[in-house]
Amino acid sequence: MSTELPDKYDPAALESAVTSRWLEKRAFQALPDDRSNRYVVMMPLPNVTGALHMGHAMDNVMQDLLIRWHRMRGDNTLWQAGTDHAGIATQAVVEKRLKEIDNKTRHDIGREALVERIHDWADQSQERIVRQQQGMGTSCDWDRARFTMDAVCARAVRHTFFRMFRDGLIYRGNRLVNWDCALQTAVADDELYKATVQGKFYYLRYPLQDRQDGEPEHVIVATTRPETMLGDTAVAVHSDPAGAMTQAIAAQRDKVAGASDKEKAAAEAELERLLERERTVLPTLVKINAMARGGRKILLPLVDRPIPIIIDDWADPTLGTGCVKITPAHDPNDYAVWQRHEEIGTINVLATDGTINERGGSYRGQDRFDARLNVVNDLDAKGLLEKIEDREIEIDHSDRSKTIIEPYLSKQWFVHMADVEGGVLMGEGTAKEFRAAGLAQAALDATAGALPDLPDGTPRSQVRFHPDQDRYRKMYDVWLGEKRDWCISRQLWWGHRIPVFRGEMAVEKLLMVEPMLGPHLSRDDVAAWVTLPDGTKLRPADAFAHLKGPNAPTEVEVQICFLDGSQDDALGPVLAGAGLELDPDVLDTWFSSAIWPHSTLGWPDPETAKVNAGQTPLGSKDGHPNSLDYYYPGSCLVTGRDIITLWVVRMVMSGLYNLGDVPFTDVFLHATILDGKGVRMSKSKGNGIDPLDIIERYGADALRYVVCELQTGTQDIRLPVQAISPFTKDGEDERLVDLATAKEGPFLGTFIDPVAKEPMDLIGQYGGEGITPAKATSDRFQVGAAFCNKLFNAARFAFLNLEDTGFTTLDPTTLALEDRWILARLAHAIRTVDEQLAAYTPSAAIAAARDFFWNELCDWYLEMIKPRFRAGADATSKAQAQQVLAAVMDQTLRLMHPFVPFLTETLWTRLRELSPRRGIATEFSDSELLVHALWPTADAGWDAPAIEAEIAAMQDWCVAIREARARYQVAPKERLVARFQADGDAATALHATASLLANMSGLSETTIAADAQRTPDSATVIRGAAKAFLLGVVDLEAEKQKLTGEAEKLRGRIGGIEKKLGNESFVSKAPAAVVERERGNLEKLREQLVGVEQSLADLG
RNA sequence: ACGCCCGUAGCUCAGUUGGUUUAGAGCGCCUCCCUUACAAGGAGGAUGUCGGGGGUUCGAGUCCCUCCGGGCGUACCA
């Protein structure tokens, strides 16, 4: 293949060629070997809901940066690729399409057909995701790509479930969950978002049952969801309304006293309100309290159900009406009340689709919002509606269906997070086995460094966060510290089915089947629980004993889980005969992604892991360990802040549980990408960008360069987005519309083109509404393209001069000044890049690489050596320049590779052809592909501080001379005669660098002497005690003005320091070194001022 | 309501444990230059009461308090 570089930088052509080479050569393949240094990154698996966006690009590039860096450092590097089935999100998307395209629901086509459709969708998404990732240069091992629903992952899911179930950590319970009425499933807290809706606050009158004299006619309660009254099981009042009121008033008085001027009015108003309540509401509450103690009841209207008035301090006398309706099945707080007063019971009045169920009497079948209106109207008709107030309500919505979430009491599966009596055995059966207080506690211990030492006495790994350990660990700890049980069941069809056969069984029947069932239940690979009506959970043996005893109940719940999935089919019919059915629900997606760091490596048994055809086997091979032993635990998880609670926590927990060790030791949290308005970027909002659009426009390297540059630390990043206007006419220039300032259009994700005054659709969803689609871009990426262009051209220049460059051993100290200088600067750059990557600050790393390359290599070194490549130049000098240039290019390409891999890989091929052997004192190692080349190390022999200082001084002169040239408008081509007035070190340095300086600042002739004189037409350039006179350029007045200005500045600075040094406290209290430095500065400035004044005097 | 983060040049961001006089970078802007690698380039230049106020200190963009503005998280909302 021709590796000759084209004239112009063309990222598209070059990148696709490089991608093909990498893939053909399986350049990213990871195989266990003898190396003990490993680097393992588990990609936070993108879900198959749709395409990747800018946030993924950030995540991918950050991982690739670390991966390529470590790979080049010689680590055995694994980057695990794959995708997540994302149960609810994917099913929601496919169901939505089903509805839109075929106008069918999932129930119309059935479970099997729906799952098949989702599989198709997932396949398409995966393909697109892989294309996007490969387009970005993502260097993960494609031969190990996994999917959370594939055979390898599925087996691990089952094993994990089985173990937790067997250990009693997974249980089925009747709990209040977040219910999505549209998708008809429980959803996690993480899948909710708050939205403010305009709602109403209804005050309802509940009549008393058998009202007695002196009692109020009604108990008034308030609610925003009146239809839930159908499920009320009590009304609560505070245990001591008067006391609570008095206390609240006292507290408010304190607040008023301590309030700032601004808060005062509000505080006083609140106090006034409380006092008013004390007069008007409290007496009633006191009465109701007494009635509650007397066991009086309410007759719940519409359903005519007597419900008790109970005493519970959840009812706050200062709020609402002071009394609270209690609906345990539909409100978290009421649920808590029920747990304190179990006798009141629960009544669930909602069906799974959000309509009122049979317990709602005549409202049955009505949607909850219709029922709300009807309930209110009916109450009103009966005179039971006190009043209605308008109120803004912040309410949970499902992120998946965008509908209002209902708190819903239902039977769900949970993972027990809190501590367990006797502890939890972690890493059972491994060499790292230990006992933890509970699952959540184990994960907390992992970040606290509080896990017990390994059996051999070495400390167990600890999880650390970067780049801000304290901040992120706190987020992790706070979330985990609640130890809230994790609801893992979803009423979906897409996902891992919960592998439990269960059912209510008559004890009589259970005992009858015992002879047949018993032997199975005692097997190691079968876990079973029998739950008594009082909630006691017993293992089969204990259960049978108990059920044969005197106090046996008549009915129990039986749950059975097989470790081996094939047993489901084998024994399913038998169990069905006994009345046990496989649970219809599926597991929360996070259950499978939580074990991703070890499921992908073949856990529980890599030797038998069923990978797909053509994939890397996970078992041991050629005497090398299996993938799990070799690659677990991993190194670093790279992700965004919001994932800490979703993933990091669960991965740590399940890694510890299954393997007794953390899945990774480091967590790198990168920034969130925001749009120009500071809003989190997402494709669904229309403020997002598809990485492939950027790649098409600017190239993948440009994308990567900018993304690295954006990652500065913990700071989120604003990336202003522009729409490419679809309304430009042929021949007209492309027009970009800034979306931060553009007016929004009629729908979410549409914007008005300010010139055409037409709406554009940035999310491609409003074709039906006739809105023109538009692509998004960001001109921030131009910077990256410019950088790549510069690198390309610098390499082109180098390559023009590197034909047949050889290698001979060179002593760096004997090289030309500029050669020694660039090597010294290179060593410095390598060290800085390394340090910054280690510190997880890519922007600082890339800035160091860029500064070296652009500001030193291009701006100075390449210019300085040009004369040595011209015809007639000294042959040895030329050869050395070539060898040094080749060596510097070699190291620079390596150093840049993790940032801009495509371009550097391309240039590397050409460099190797032109100069097959490269190095300075010793020859560098070589590698066909740059991906596999060794990372550069800063050679201490290249350091040359004295030379760096000399060149820095030369550059300082050069800039000053250029500035004078610019000021006097000397044409670039005009060479000037310069006389330097200098002695001592300044003169020595000038002598050493004179030819370089002449070359770089356009001097035809330089003389250096202590008594050099200016000519009347000279411009004067002053550096410290030395001066340069540039002959024949000056405008006397301008020169005077410039020198006067300079003198003024100097006097100002001198004055400042004199003042500082004149301050007795500064001199006595500041560190001696600081004072000394100031004195030195003062000395230098005074010297300089004398020089300037002298020059002014010379001008006359 | 509480907790965390942020507010530095027109824009996007650096600024390490307080200490080099006059606070940096990139983009944008102004002047000049198509110099044989690169106009996606080169040379030079301008631009900030570091959100406001107060305090600690010899010294504050950096530490403390307070207010204002923005983001995120958690809770509450009968």
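Residues numbered from 1 in each chain as written. Chains lettered and ligands numbered in written order. Predicted model: local features only at pLDDT ≥ 70, side-chain atom pairs only at ≥ 80, totals over all residues. Heavy atoms only, no water.

### A few points about the overall build of chain A
Next up, step 1: Scanning chain A from N- to C-terminus turns up 31 helices and 38 strands.
Next up, step 2: With respect to the principal axes defined by its C-alpha atoms, chain A has extents near 120 × 80 × 70 Å.
Next up, step 3: Per-residue burial over chain A gives 54% buried out of 1100 residues.
Next up, step 4: If you take every contact in chain A between residues at least 6 apart in sequence, the share linking residues at least 24 apart comes to 76%.
Next up, step 5: Of the roughly 46,600 Å² of accessible surface on chain A, a fraction of 50% belongs to carbon and sulfur atoms. (Helix = DSSP H or I, 4+ residues; strand = E, 2+ residues; numbered from the N terminus. Buried < 20%, exposed > 50% of the residue type's maximum accessible area, 1.4 Å probe, protein only. Contact = heavy atoms within 4.5 Å. Areas by Shrake-Rupley, 256 points an atom, 1.4 Å probe, with all protein chains shown as cover.)

### Topic: the nonpolar core
Next up, step 1: Ranked by internal contacts, the top residues of the largest apolar core, which has 156 residues, are Phe980 and Leu1030.
Next up, step 2: Top contributing element to this core by residue count: helix H24 (residues 842-869), with 15 residues.
Next up, step 3: Other than its neighbours up to four places away in sequence, phenylalanine 980 contacts Trp957, Ile961, Leu990, Leu997, Leu1003, Thr1006, Thr1007, Ile1008, Ala1009, Ala1012, Lys1027 and Ala1028.
Next up, step 4: Core analysis: the next-biggest nonpolar cluster, separate from the first, contains 69 residues, Trp413, Val500, Met653 and Leu669 among them. (Core = buried A, V, L, I, M, F, W, Y, C linked by side-chain atoms within 4.5 Å.)

### Concerning the environment of valine 783
Next up, step 1: Structurally, the position occupied by valine 783 is in helix H22 (residues 782-800).
Next up, step 2: Separated by 102 residues in the primary sequence, valine 783 and methionine 681 place their C-alpha atoms 21 Å from one another.
Next up, step 3: Sequence-distant contacts of valine 783, defined by excluding residues within four places in its chain, comprise Tyr705, Val706 and Glu709.

### Section: the pairing of strand S20 (residues 526-531)
Next up, step 1: Burial within S20 is extensive, with 6 of its 6 residues counted as buried.
Next up, step 2: Burial along S20 is two-sided: the residues Val526, Ala528 and Val530 and Ala527, Trp529 and Thr531 are all buried.
Next up, step 3: As paired strands, S20 and strand S22 (residues 555-562) are joined by 6 bridges and run antiparallel to one another. Paired with valine 526 across the two strands is phenylalanine 562, which belongs to S22.
Next up, step 4: Bridge count between S20 and strand S21 (residues 537-538): 2 bridges; the pairing is antiparallel. Within the sheet, the bridge partner assigned to threonine 531 lies in S21 and is lysine 537.
Next up, step 5: Count of turn residues in the S20/S21 antiparallel hairpin: 5 residues, of which glycine 535 carries a positive phi of about 95°. (Pairing = 2+ DSSP bridges.)

### Some remarks on the environment of aspartate 666
Next up, step 1: Tracing the chain through its elements places aspartate 666 in strand S26 (residues 666-670).
Next up, step 2: Taking C-alpha positions, aspartate 666 is 50 Å from alanine 257, a pair spaced 409 residues apart along the chain.
Next up, step 3: In terms of polar contacts, aspartate 666 uses its side chain to reach the side chain of histidine 466, at 2.6 Å. (Polar contact = N/O pair within 3.5 Å; in protein donor to acceptor, adjacent residues only side chain to side chain.)

### Topic: the side chain of arginine 965
Next up, step 1: With respect to the helices and strands, arginine 965 occurs in helix H27 (residues 945-967).
Next up, step 2: It turns out arginine 965 is buried and unbridged, and the closest side chain with the opposite charge, glutamate 974, is 6.4 Å from it.
Next up, step 3: Separated by 3.1 Å, the side chain of arginine 965 and the backbone oxygen of serine 1001 make a polar contact.
Next up, step 4: Ignoring any residue separated from it by four or fewer positions in sequence, one finds arginine 965 in contact with Val970, Ala971, Pro972, Glu974, Leu976, Ser1001 and Gly1002. (Lys, Arg positive; Asp, Glu negative; His and termini not counted. Salt bridge = Lys/Arg side-chain N within 4 Å of Asp/Glu carboxyl O.)

### Focus: the pattern of salt bridges
Next up, step 1: Inspection of every chain in the model, using the stated rule, returns 64 salt bridges.
Next up, step 2: Glutamate 557 is paired through a salt bridge with arginine 172; the nearest N and O atoms lie 3.5 Å apart. Taken together, the residues glutamate 557 in strand S22 and arginine 172 in strand S4 (residues 170-180) connect sequence positions 385 residues apart.
Next up, step 3: For glutamate 557, a relative accessible area of 8% corresponds to the buried category.
Next up, step 4: Of the residues examined, arginine 172 reaches a relative accessible area of 21% and is grouped as partly exposed.
Next up, step 5: Arginine 697 is the partner of glutamate 734 in a salt bridge, and the nearest nitrogen-oxygen pair spans 2.5 Å. Of the two residues, glutamate 734 sits in the loop between strand S29 (722-724) and strand S30 (736-738) while arginine 697 sits in helix H20 (residues 691-698), which places them 37 residues apart along the sequence.
Next up, step 6: Through salt bridges with shared partners, a single ionic network connects Asp890, Arg894, Arg912, Arg918 and Asp926.

### Concerning helix H29 (residues 1036-1062)
Next up, step 1: Between its terminal C-alpha atoms H29 stretches 38 Å, which fits the 39 Å expected from 27 residues at 1.5 Å a residue.
Next up, step 2: Restricting attention to buried positions, one finds in H29 the residues Glu1039, Lys1042, Leu1043, Ala1047, Leu1050, Ile1054, Ile1057 and Leu1061.
Next up, step 3: Buried-residue contacts for H29 involve H27, strand S37 (1019-1023), helix H30 (1064-1069) and helix H31 (1072-1099). (Expected span 1.5 Å × (residues − 1).)

### Remarks on H20
Next up, step 1: Of all the positions in H20, only Pro691, Asp693, Ile694, Ile695 and Tyr698 are classed as buried.
Next up, step 2: Looking at the buried side of H20, the elements it contacts are helix H1 (11-24), helix H2 (54-72), helix H4 (106-136), helix H21 (700-710), strand S34 (775-777) and H22.
Next up, step 3: Two to three positions downstream of the cap, the backbone nitrogen of leucine 692 sits 2.8 Å from a side-chain oxygen, assigning the N-cap of H20 to aspartate 690.
Next up, step 4: Glycine 699 occupies a position one or two residues after H20 and carries a positive phi of about 100°.

### Focus: the sheet that holds S20
Next up, step 1: Here 5 strands make up an open sheet; going across it, the order is S21-S20-S22-S19-S23 and the pairing antiparallel. On the outer flanks of this sheet lie S21 and strand S23 (581-582), each paired with one strand and no other.
Next up, step 2: Taken together, the 2 bridges between strand S19 (residues 500-506) and S23 define a ladder with antiparallel strand orientation. In the sheet register, phenylalanine 501 faces S23, and the bridge partner there is leucine 582.
Next up, step 3: The strands touched by helix H15 (residues 566-577) are S19, S22 and S23; relative to S22, the strand with the most contacts, the crossing angle is about 165°. (Axes fitted to C-alpha atoms, helices over the stretch in contact; angles between N-to-C directions.)

### Description of the packing of helix H23 (residues 817-838) against H24
Next up, step 1: As a packed pair, H23 and H24 sit with axes 9 Å apart at the nearest point and diverge in direction by 170°. With respect to their mutual orientation, H23 and H24 come out roughly antiparallel. Mapping the contact onto sequence places Glu818, Asp819, Trp821, Ile822, Arg825, Leu826, Ala829, Thr832, Val833, Gln836 and Leu837 in H23 and Ala844, Ala845, Ala848, Ala849, Phe852, Glu856, Leu857, Trp860, Tyr861, Met864, Ile865 and Arg868 in H24.
Next up, step 2: A class-by-class count of the residues in the contact of H23 with H24 yields 16 nonpolar, 2 polar and 5 charged. (Parallel < 35°, antiparallel > 145°, perpendicular 65-115°, else oblique. Nonpolar A, V, L, I, M, F, W, Y, C, P; charged D, E, K, R; others polar.)

### Re the confidence of the model for chain A
Next up, step 1: Averaged over chain A, the pLDDT score is 88; the fraction of residues at 70 or greater is 99%.
Next up, step 2: At the level of chain-chain contacts, confidence expressed as ipTM amounts to 0.94, with global pTM at 0.91. (pLDDT = per-residue confidence, 0-100.)

### Examining the packing of aromatic side chains
Next up, step 1: In this structure the tally under the stated criterion is 24 aromatic pairs.
Next up, step 2: Geometrically, the ring pair formed by phenylalanine 161 and tryptophan 413 is edge-to-face, given 6.2 Å between the ring centres and 70° between the ring planes. Residue phenylalanine 161 is found in helix H5 (residues 151-166), and its partner tryptophan 413 is found in strand S13 (residues 405-415); the two are separated by 252 residues along the sequence. Like phenylalanine 161, the residue tryptophan 413 is buried in the burial classification.
Next up, step 3: Through a chain of ring-to-ring contacts, three or more aromatic side chains come together here, namely Phe161, Phe165, Trp413, Trp486 and Phe591.
Next up, step 4: Above the plane of the ring of tyrosine 203 lies lysine 387, whose end atom (NZ or CZ) is 4.4 Å from the centre. (Phe/Tyr/Trp six-rings, centres within 6.5 Å; stacked < 30°, edge-to-face > 60°. Lys NZ or Arg CZ within 6 Å of the ring centre and 35° of its normal.)

### Here we look at the sheet that holds strand S35 (residues 976-981)
Next up, step 1: The mixed open sheet is built from 4 strands, whose spatial order is S36-S35-S38-S37. For this open sheet the edge positions go to strand S36 (1003-1009) and S37, each flanked by a neighbour on one side alone. Sheet twist, expressed as the mean angle between neighbouring strand axes with direction ignored, is 20°.
Next up, step 2: The pairing of S35 with strand S38 (residues 1026-1030) spans 4 bridges and is antiparallel. Across the sheet, the residue bridging to arginine 979 is phenylalanine 1029, located in S38.
Next up, step 3: The strands that H27 touches are S35, S36, S37 and S38; relative to S37, the one it contacts most, it runs at about 155°.

### Things to note about the side chain of threonine 904
Next up, step 1: Within the element layout of this structure, threonine 904 appears in helix H26 (residues 901-914).
Next up, step 2: Of the polar contacts made by the side chain of threonine 904, one reaches the backbone oxygen of proline 901; its length is 3.1 Å.
Next up, step 3: Residues within four places of threonine 904 in sequence aside, it is in contact with Leu791, Leu893, Met896, His897 and Leu930.

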